[in-house]
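Inside the fold
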Amino acid sequence: MKTIKSTLKTEVTYDDEMKNKYLIRKEWDKNKKKALIIMKNAGQADEIVQD
């Protein structure tokens, strides 16, 4: 049997009123290539909930 563990680090940047998100950053492997995804509406995602 083989067990593989992974840690997902999430960082969210909000405005001062915590109403708008400007950046949702997720990091799981620094050694792999990076990707940039630009979204018009980030939905309900935050540092805990992923959509």
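Since we're looking at a predicted model, the values are computed, not measured.

This part takes up the pattern of salt bridges. Opposite charge on two side chains allows them to pair when their charged atoms are near. Taken as a whole and assessed by the stated rule, the structure comprises 1 salt bridge. Between glutamate 27 and arginine 25 there is a salt bridge; the shortest N-O distance is 3.1 Å. Of the residues examined, glutamate 27 reaches a relative accessible area of 18% and is grouped as buried. Taking relative accessible area as the criterion, arginine 25 reaches 34% and is therefore assigned partly exposed.

Structurally, the position occupied by isoleucine 24 is in strand S2 (residues 21–27). Between the alpha carbons of isoleucine 24 and glutamate 11 there is a distance of 5.9 Å; along the sequence they are 13 residues apart.

Each value, and the rule that gives it
- Residues numbered from 1 in each chain as written.
- Predicted model: local features only at pLDDT ≥ 70, side-chain atom pairs only at ≥ 80, totals over all residues.
- Heavy atoms only, no water.
- Salt bridge = Lys/Arg side-chain N within 4 Å of Asp/Glu carboxyl O.
- Buried < 20%, exposed > 50% of the residue type's maximum accessible area, 1.4 Å probe, protein only.
- Helix = DSSP H or I, 4+ residues; strand = E, 2+ residues; numbered from the N terminus.

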